[in-house]
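# Structural characterization, general
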Amino acid sequence: MSPPVFRFAPSPNGYLHLGHALSALLNADMARASGGQLLLRIEDIDATRCRPEYEAAIYEDLAWLGIEWETPVRRQSEHFTDYRAALARLEAMGLVYPSFESRAEIAALVAQRETQAPWPRDPDGAPLYPGDAKVMPAAERARRMAAGEPYALRLAMAAALALAGPLSWGESGAGPNGETGIVAADPAAWGDVVLARKDAPAGYHLAVTVDDAGQGITDVVRGRDLFHATSVHRLLQALLGLAAPRYHHHRLLLDADGRKLSKSTQSTGLRELRTQGINAAGIRQMVGLA
Ligand code: GLU
């Protein structure tokens, strides 16, 4: 059996904080304990929020934590052709459609539907896609695309589920309600998710699925906030004929108010803690790793 392959996949849209340190150190510890490799992936699809100085800081902060990773590092912005190829496969299966609505239009549609009954939310609390772009007449779709109107590409969830059938994954960590072991995937909870953003040939779910397979990842270790997203990843893996990694979702570090740490909370930023004279061993202690 070939050795396990782990990955840490930060987005360079801010400086790393203690939550990232927990995730990166756990990946490094688990890779070492299993004689596996640790890969690093820079998730820089969102060109409006990602900056080169944040990417440079990621390398600096990880090295300071004593983490070693294989090179070359994979950057999502260099793999747009891979995402386009995956999209083309899903399109050929009849599972993709364009939706032209703006955020404001979607919000208005949800508000309109909520005058009747509560509109369903996804596991992150965002309303499911309320539009009917899926049934837009082909001629109108063609006209709007030809006119250069921006559009996102969405997964036709019901058709995708019918093709893929029931799915599950192996979880060695736990979900928000203690889910562990063999977990049944529930991609329907996400509705017609975005596969490709208006401004990029991929969104988070498609990129992460294609990248994990492309990098030969056998073990995904990440925060519990991404537990439910795994359902979408399992569905895309099944549709694209990709192997499923093992999953381990770890606890989240919370701030004093019980909220998940964010990149804007300076006090838990690794650079900030470093200037205060805290060392890598101190960070391990702060995140609760022996
Ligand atoms: N890029 C994501 C983040 O910064 C992590 C994606 C993943 O681990 O699947 O939260």
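Above this text you will find the structure in question.
Model, not experiment: these values are computed from the prediction. (Residues numbered from 1 in each chain as written. Predicted model: local features only at pLDDT ≥ 70, side-chain atom pairs only at ≥ 80, totals over all residues. Heavy atoms only, no water.)

## So, the overall build of the chain
Note the cut-off: Under the scheme used here, helices are H or I runs from DSSP no shorter than 4 residues and strands are E runs no shorter than 2 residues, and both carry numbers assigned from the N terminus. We compute the radius of gyration over the C-alpha atoms and compare it with the globule rule, which gives 2.2 Å times the number of residues raised to the power 0.38. Burial classes follow relative accessibility: with a 1.4 Å probe on protein chains only, a residue under 20% of its type's maximum area counts as buried, one over 50% as exposed, and anything between as partly exposed. Contact between two residues is taken to exist if any of their heavy atoms lie within 4.5 Å; hydrogens are not considered. A 1.4 Å probe and the Shrake-Rupley method give the accessible areas. Residues count as covered only by the protein chains that appear here. By the counting rule applied here, Lys and Arg register as positive and Asp and Glu as negative, while His and the ends of each chain are not counted. Taken as the charge centre is NZ of Lys, CZ of Arg, CG of Asp or CD of Glu, depending on the residue.
For the chain, the count of helices and strands is 10 helices and 10 strands. Here the C-alpha radius of gyration of the chain, 20 Å, is about what a compact globule of 290 residues would show, namely 19 Å. With respect to the three principal axes, the spread of C-alpha positions in the chain is 60 × 45 × 35 Å. Expressed as a percentage of its 290 residues, the buried residues of the chain come to 47%. Long-range contacts, defined here as pairs at least 24 residues apart, represent 77% of the contacts in the chain between residues at least 6 apart. Taken as a whole, the chain presents about 14000 Å² of accessible surface, with 55% of it coming from carbon and sulfur. Charged side chains of the chain number 30 positive and 33 negative; the gap between the two group centres comes to 1 Å.

## Things to note about the site of the ligand
This is how the line gets drawn: If even one non-hydrogen atom of a residue comes within 4 Å of a molecule or strand, that residue is called near it. We define a polar contact as two N or O atoms separated by no more than 3.5 Å, with the added condition that, inside protein, one atom must be a possible hydrogen donor and the other a possible acceptor, whereas residues neighbouring each other in sequence contribute only through side-chain atom pairs. Under the scheme applied, nonpolar residues are Ala, Val, Leu, Ile, Met, Phe, Trp, Tyr, Cys and Pro; charged residues are Asp, Glu, Lys and Arg; polar residues are all the others, including Gly.
Surveying the vicinity of the ligand reveals the residues Arg7, Ala9, Ser11, Glu43, Tyr204, Val208, Arg222 and Leu226. At a separation of 2.7 Å, an oxygen atom of the ligand approaches a polar side-chain atom of Arg7. A distance of 2.7 Å separates a nitrogen atom of the ligand from a polar atom in the backbone of Ala9. Protein coverage of the free-state accessible area of the ligand, which is 300 Å², stands at 78%. Of the residues in the shell around the ligand, the class split is 4 nonpolar, 1 polar and 3 charged.

## Re the sheet that holds strand β4 (residues 96-99)
We apply this condition: For two strands to count as paired, DSSP must find a minimum of two bridges between them. Interaxial angle, 0 to 180 degrees, is taken between N-to-C directions of lines fitted to C-alpha atoms, where a helix line uses only the stretch in contact.
Across the sheet, which stays open at both edges, the 3 strands sit in the order β4-β5-β8 with antiparallel pairing between neighbours. Taken across any chain shown, the strands that pair with only one partner, and hence form the sheet edges, are β4 and β8 (194-196). Taken over all neighbouring pairs, the strand axes of this sheet differ in orientation by 45° on average, direction set aside. Pairing of β4 with strand β5 (residues 152-155), which is carried by 4 bridges, proceeds in the antiparallel orientation. Residue pairing in the sheet places Tyr97 in a bridge with Arg154 of β5.

## Side note on the nonpolar core
The tendency in soluble globular proteins is for nonpolar side chains to be buried as a group. Put simply, the test is: Only buried residues count toward a nonpolar core. Its members are Ala, Val, Leu, Ile, Met, Phe, Trp, Tyr and Cys residues joined through side-chain atoms within 4.5 Å.
Core analysis: the largest hydrophobic core is formed by 36 residues, its most contacted members being Leu90, Leu155 and Leu206. The set of elements that each furnish at least two residues to this core consists of α3 (80-92), β5, α6 (157-164), β8, α7 (204-214) and α8 (229-240). When near neighbours in sequence (up to four residues on either side) are disregarded, Leu90 contacts Leu95, Val96, Leu195, Leu206, Leu236, Leu239 and Leu240.

## Looking at unusual backbone geometry
In this structure, the amide linkage connecting Thr71 to the following residue, Pro72, adopts the cis form with an omega of -5°. Secondary-structure assignment places Pro72 in the loop between α2 (52-64) and β3 (74-75).

## Observations concerning the environment of Leu16
Mapped onto the fold, Leu16 is located in the loop between β1 (5-8) and α1 (18-33). According to the relative accessible area criterion, Leu16 is buried, its value standing at 1%. Residues Leu16 and Gly269, spaced 253 residues apart in sequence, show a C-alpha to C-alpha distance of 6.0 Å.

## Observations concerning the packing of aromatic side chains
To be explicit about the condition: The pairing test for Phe, Tyr and Trp rings, Trp by its six-membered ring, is centres within 6.5 Å, and the orientation test on the planes gives stacked under 30 degrees, edge-to-face over 60, and tilted for anything in between.
By the definition in use, this model includes 7 aromatic pairs. Where Tyr59 meets Trp69, the ring centres are 6.1 Å apart and the plane angle is 25°; that geometry is what we call stacked. Of this pair, Tyr59 sits in helix α2 while Trp69 sits in the loop between α2 and β3, and the two are 10 residues apart along the sequence. On the accessibility criterion, Tyr59 (24% relative accessible area) is partly exposed. Here the aromatic residues Trp169, Phe227 and Tyr247 are joined through ring pairs into a cluster of three or more.

## Some points on empty space enclosed by the protein
The rolling of a water-molecule-sized probe over the atoms marks out the regions of remaining empty space. Short version of the rule: A cavity here means a set of points on a 1 Å grid, drawn over the protein atoms and nothing else, where a 1.4 Å probe fits but cannot get out; a pocket is an open set with protein on both sides within 12 Å along at least five of seven lines, and a residue lines either one if it has an atom within 4 Å of a point. Grid points are joined across faces, edges and corners, and a volume is the space filled by probe spheres set on the points.
Under the defined criterion, the tally for this structure stands at 1 cavity of 30 Å³ or more. In this structure, the largest cavity spans a volume of roughly 30 Å³. Along the walls of the largest cavity sit Phe8, Leu38, Leu39, Leu40, Leu62, Ile67 and Trp69, which together make up its complete lining. Ranked by residues supplied to the lining of the largest cavity, first place goes to strand β2 (residues 37-42) with 3 residues. Looking at the lining of the largest cavity residue by residue, the classes come out as 7 nonpolar, no polar and no charged.

## Regarding the pattern of salt bridges
Basically, it comes down to this: Criterion for a salt bridge: a side-chain nitrogen of Lys or Arg within 4 Å of a carboxyl oxygen of Asp or Glu.
On inspection of all chains with the given rule, the structure shows 24 salt bridges. Across the pair Asp192 and Lys134 runs a salt bridge, and its minimum N-O distance is 3.6 Å. With Asp192 in the loop between β7 (181-184) and β8 and Lys134 in the loop between α4 (103-114) and α5 (138-146), this residue pair connects regions lying 58 residues apart in the sequence. Residue Lys134 is classed as partly exposed on the basis of its relative accessible area of 40%. Several salt bridges share partner residues, and in doing so they unite Arg7, Arg41, Glu43, Arg74, Asp82, Asp211 and Asp212 into one network.

Limitation: the analysis is restricted to geometry and does not speak to function.
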